Amino acid sequence: MIVLQTKSKTQQYAFTKDIGRIFGYKDPVKLLKGFRDYSDSHPKAFGPYKPYLKNQGMDTLYDIICFAYYLENKDMLEAETRSINFSTELPRLKEVYQS
């Protein structure tokens, strides 16, 4: 007898409409544009995570954890404060958004 163990993995990336549904926004396009602009101007802000995937012929896919961190700390991140750090917030974000 072979015993297999499985581990469930939650969705890591989401489309624009899914981001809107998860975070309660009817039209998150402007918010996601700000997120992309911040991600492009601060390429090391999200550590080992890639904040979004731009696919040819498809919509852009957004990392849920990175976007949640940006949404929760938007004002401080855009003010370029150093009092918050993605790597220190990561365990809490995983617990909240990947369960």
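Up top is the structure.
Draft legend 1. Representation of the pattern of salt bridges within the structure. For the structure on display, the rule yields four salt bridges. Across the salt bridge formed by Arg92 and Glu89, the nearest N and O atoms sit 2.8 Å from each other. Pair noted here: Arg92 and Glu89 are both in helix 5 (residues 86-97), with a separation of three residues, about one helical turn. Taking relative accessible area as the criterion, Arg92 reaches 35% and is therefore assigned partly exposed. On the accessibility criterion, Glu89 (23% relative accessible area) is partly exposed. If you follow the salt bridges from partner to partner, you end up with Glu72, Glu89 and Arg92 in one network.

Draft legend 2. Fine view of the nonpolar core. Counting residues in each nonpolar core, the largest one holds 23 residues, and the members touching the most others are Ile19, Phe35, Phe46, Phe67, Tyr69, Tyr70 and Phe86. Listed by contribution, the elements that provide at least two residues to this core are helix 1 (16-23), helix 2 (29-41), helix 3 (64-72) and helix 5. In this view, Ile19 contacts Ala14, Leu32, Tyr62, Ile64 and Phe67; residues no more than four positions away in its chain are not counted.

Draft legend 3. Expanded view of the side chain of Ser39. Looking at where Ser39 falls in the secondary structure, it is placed in helix 2. Under the relative-accessibility criterion, Ser39 is labelled buried at 6%. Look past the residues within four positions of Ser39 in its chain and what remains in contact with it is Phe46, Pro51 and Tyr52.

Calculation notes
Residues numbered from 1 in each chain as written. Predicted model: local features only at pLDDT ≥ 70, side-chain atom pairs only at ≥ 80, totals over all residues. Heavy atoms only, no water. Salt bridge = Lys/Arg side-chain N within 4 Å of Asp/Glu carboxyl O. Helix = DSSP H or I, 4+ residues; strand = E, 2+ residues; numbered from the N terminus. Buried < 20%, exposed > 50% of the residue type's maximum accessible area, 1.4 Å probe, protein only. Core = buried A, V, L, I, M, F, W, Y, C linked by side-chain atoms within 4.5 Å. Contact = heavy atoms within 4.5 Å.

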